[in-house]
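Residues per chain, in single letters:
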Amino acid sequence: MPNNRYQRGGVYLRGKHKDTWYGTYRIDTSERRQPLNLRLGTKRELVTKAAARQKLQDMILEMTNAGAVTPKIKSIRFSDLVEKWKRSEGPAMSDNTLKHYSDALSAYVLPTWKDYAIDSIQREDITNFLNSQAAKYSRSSLKSMRLVLIMTLTWAERNGYITRPTGWLDGIRLPRKTGGRKVIRKELEPSHTLGFIQRLKEPYSTLVMFFGLCGRRTEEAIGIKPADLDANDVLHIRRVIYNGHVEELAEEEQQVLPLDQPEHAELVRRLRALGEGHEWVFRSRKGTPINPGNARRRYLHPTAAALGIKIGGWHDFRHTLIRKMRRGGVHPVVVSAVVGHKRVELAPEVYDRATMDEKRQALAVVGRELLPIGSNSRSMQ
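Residues numbered from 1 in each chain as written. Predicted model: local features only at pLDDT ≥ 70, side-chain atom pairs only at ≥ 80, totals over all residues. Heavy atoms only, no water.

Below, the discussion takes up the overall build of the protein. Across its full length, the protein carries 13 helices and 7 strands. A burial count over the protein gives 44% of its 381 residues as buried. Within the protein, residue pairs in contact and separated by at least 24 positions form 63% of the contacts whose partners lie at least 6 positions apart. Summing over all exposed atoms, the protein offers an accessible surface of approximately 21100 Å²; the carbon and sulfur share of this is 49%. (Helix = DSSP H or I, 4+ residues; strand = E, 2+ residues; numbered from the N terminus. Buried < 20%, exposed > 50% of the residue type's maximum accessible area, 1.4 Å probe, protein only. Contact = heavy atoms within 4.5 Å. Areas by Shrake-Rupley, 256 points an atom, 1.4 Å probe, with all protein chains shown as cover.)

Written out as structure tokens, the structure reads:
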């Protein structure tokens with residue numbers, strides 16, 4: 001069917017390094033006007049944007065010539081869309097991020113949506129689905145459902161599998177009342193943290209001290225190797241372990257924590273002692289990285305009960321540190337640098353960076369309170 005009005009289309013760069021040209025174009029078919037997303041070539045092949053536009057025009061001309069066979073776009077199932085999306089977008093994500101999205105799709109979305117024809121999905125269907133899940137799941141789980149649905153369907157729209165009005169997925173709200181388990185984070189007193197340190201056996205005693213003083217994520221802590229703590233007592237976060245999978249971080253993703261002040265001498269001593277002669281600092285009896293879920297159930301929660309407090313998990317120590325640093329007047333940029341936030345939550349317009357001295361001062365806020373200089377470290381063993 002010939003094109004019934006002039007179109008120029010558009011070109012843009014895609015890929016992890018923005019090195020591949022793609023073109024967008026809407027073509028008339030016997031059924032309706034369909035969007036197409038066409039791979040044009042790499043930047044090496046098409047050096048300028050003008051060259052990419054010319055390649056798109058050549059492809060349009062070839063498709064719209066008299067007698068040309070117009071591609072027929074057939075609807076696909078949502079489960080097939082998910083597989084296409086993972087193959088296309090997965091390589092640009094970290095292994096942990098892709099696994100998180102895949103798990104959310106498998107656990108929450110695909111049981112209901114796997115056989116849906118994607119061209120039949122409307123905004124109302126998504127809203128009704130989220131409403132129906134509200135009684136069973138927490139708000140956090142509903143956010144994950146909404147996120148993966150929006151990501152996959154937006155990708156389908158951009159690649160011409162469905163046609164929808166601009167912004168059709170914007171502003172989808174979650175139900176106000178939700179069910180499921182709600183994790184309540186407890187702000188711990190210094191006596192609580194010291195109680196854990198004193199009662200827990202190694203390596204969990206030092207793990208609590210590390211969380212209490214540094215506030216890093218669990219997957220970062222259990223990935224620490226002895227060589228990550230250098231001769232100057234600076235700790236390098238070089239990898240994460242998520243669900244037993246070790247992921248080495250790219251150089252630009254690695255972070256450092258200065259533990260070279262008196263408040264952290266006991267933590268440094270323990271880290272070096274635990275790691276001596278072993279591959280991992282926080283390890284099981286078999287020498288493998290500890291399983292934080294098992295450790296939480298077998299050691300952390302029973303110890304919390306013995307102390308007469310209720311704790312959600314290891315993240316409560318991170319939560320406590322962040323609150324105390326903020327109350328101590330630490331700049332949000334520095335808080336973000338210390339605990340490894342990817343965004344500065346309280347100062348989104350700040351573009352400066354935390355220095356080593358600023359991070360050192362921030363870490364000392366809790367260090368002085370939790371482990372005062374001159375305290376008898378042996379009494380905590």
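When we look at burial in helix 9 (residues 265-275), the residues that qualify are Glu 266, Leu 267, Val 268, Arg 270, Leu 271, Leu 274 and Gly 275. Count one or two residues on from helix 9 and you reach Gly 277, which has phi positive near 75°.

Take the nonpolar core next. Core analysis: the biggest nonpolar cluster contains 52 residues, and Phe 196, Phe 210, Leu 259, Phe 282, Trp 314 and Phe 317 have the highest contact counts within it. The element contributing the most residues to this core is helix 7 (residues 204-214), with 8 residues. Setting aside residues up to four positions removed in sequence, Phe 210 forms contacts with Gly 215, Arg 216, Ala 221, Ile 224, Leu 235, Leu 267 and Phe 282. With 30 residues, the next largest nonpolar core counts Trp 113, Phe 129, Leu 153 and Ala 156 among its residues. (Core = buried A, V, L, I, M, F, W, Y, C linked by side-chain atoms within 4.5 Å.)

Okay, the packing of aromatic side chains next. Applying the stated criterion to the full structure yields 12 aromatic pairs. Ring pairs connect the aromatic residues Phe 78, Trp 113, Tyr 116 and Phe 129, which therefore count as one cluster. The aromatic ring of Trp 168 is capped on one face by Arg 164, whose charged end is 5.2 Å from the ring centroid. Residue placement shows Lys 225 over the ring face of Trp 280; its charged tip is 4.8 Å from the ring centre. (Phe/Tyr/Trp six-rings, centres within 6.5 Å; stacked < 30°, edge-to-face > 60°. Lys NZ or Arg CZ within 6 Å of the ring centre and 35° of its normal.)

Bringing the pairing of strand 5 (residues 239-242) into the picture now. Inspection of the sheet shows strand 5 paired to strand 6 (residues 245-248) by 4 bridges, in the antiparallel sense. Note that in strand 6 the partner of Ile 241 across the bridge is Val 246. Counting the residues between successive antiparallel strands, the hairpin from strand 5 to strand 6 contains 2 residues, one of them, Asn 243, with a positive phi of roughly 55°. (Pairing = 2+ DSSP bridges.)

Moving on, we get to the side chain of Ser 141. Positionally, Ser 141 belongs in helix 5 (residues 139-158). Overall, Ser 141 belongs to the buried group, its relative accessible area being 13%. Separated by 3.2 Å, the side chains of Ser 141 and Tyr 108 make a polar contact. (Polar contact = N/O pair within 3.5 Å; in protein donor to acceptor, adjacent residues only side chain to side chain.)

Our focus in this paragraph is a positive patch on the surface. A cluster of basic residues, Arg 139, Lys 143, Arg 173, Arg 176 and Lys 177, forms a positive patch on the protein surface. Relative to the helices and strands, Arg 139 is located in helix 5. Using a relative accessible area of 38% as the deciding quantity, one classes Arg 139 as partly exposed. (Patch = residues over 30% accessible without salt bridge, like charges linked within 9 Å, V, L, I, M, F, W, Y side chains within 5 Å. Salt bridge = Lys/Arg side-chain N within 4 Å of Asp/Glu carboxyl O. Lys, Arg positive; Asp, Glu negative; His and termini not counted. Charge placed at Lys NZ, Arg CZ, Asp CG, Glu CD.)

Turning to helix 12 (residues 332-339), a few remarks are in order. Burial of helix 12 is extensive: 6 of the 8 residues sit out of reach of the surface. Of the residues making up helix 12, those classed as buried are Val 333, Val 334, Val 335, Ser 336, Val 338 and Val 339. Check the buried side of helix 12 and you find it contacts helix 7, strand 7 (255-258), helix 11 (315-327) and helix 13 (356-370). Where helix 12 terminates, the next one or two residues include Gly 340, which has phi positive at roughly 85°.

On to the pattern of salt bridges. Taken as a whole and assessed by the stated rule, the structure comprises 18 salt bridges. Glu 220 is the partner of Arg 216 in a salt bridge, and the nearest nitrogen-oxygen pair spans 2.9 Å. Comparing Arg 216 with Glu 220, the two get one shared label, buried. Between Asp 357 and Arg 360 there is a salt bridge whose closest N-O contact spans 2.6 Å. Taken together, the residues span about one helical turn, with Asp 357 and Arg 360 both in helix 13 at a distance of 3 residues. Linked by salt bridges that have partners in common, Glu 202, Glu 266, Arg 269 and Arg 270 make up one network.

We now examine the packing of helix 3 (residues 95-113) against helix 4 (residues 123-133). One can describe the packing of helix 3 onto helix 4 by two numbers: an axis separation of 12 Å at closest approach and a directional angle of 125°. Accordingly, the angle class assigned to the pair helix 3 and helix 4 is oblique. Along this stretch, helix 3 crosses helix 4, giving a crossing that reads as right-handed. Within the contact between the two elements, helix 3 uses Tyr 108, Val 109, Thr 112 and Trp 113 and helix 4 uses Asp 125, Ile 126 and Phe 129. The residue makeup of the contact of helix 3 with helix 4, split by class, is 5 nonpolar, 1 polar and 1 charged. (Axes fitted to C-alpha atoms, helices over the stretch in contact; angles between N-to-C directions. Parallel < 35°, antiparallel > 145°, perpendicular 65-115°, else oblique. Left-handed = near helix turned anticlockwise from the far one by under 90°. Nonpolar A, V, L, I, M, F, W, Y, C, P; charged D, E, K, R; others polar.)

Turning our eyes to something else, we now look at the packing of helix 6 (residues 190-199) against helix 7. Two elements in contact, helix 6 and helix 7, have axes separated by 7 Å at closest approach and are oriented at 155°. Considered as vectors, helix 6 and helix 7 are oriented roughly antiparallel to each other. Relative to helix 7, helix 6 is oriented so that their crossing is left-handed. Facing Thr 193, Phe 196 and Ile 197 of helix 6, the residues of helix 7 in contact are Ser 205, Val 208 and Met 209. In terms of residue class, the contact of helix 6 with helix 7 is built from 4 nonpolar, 2 polar and no charged.

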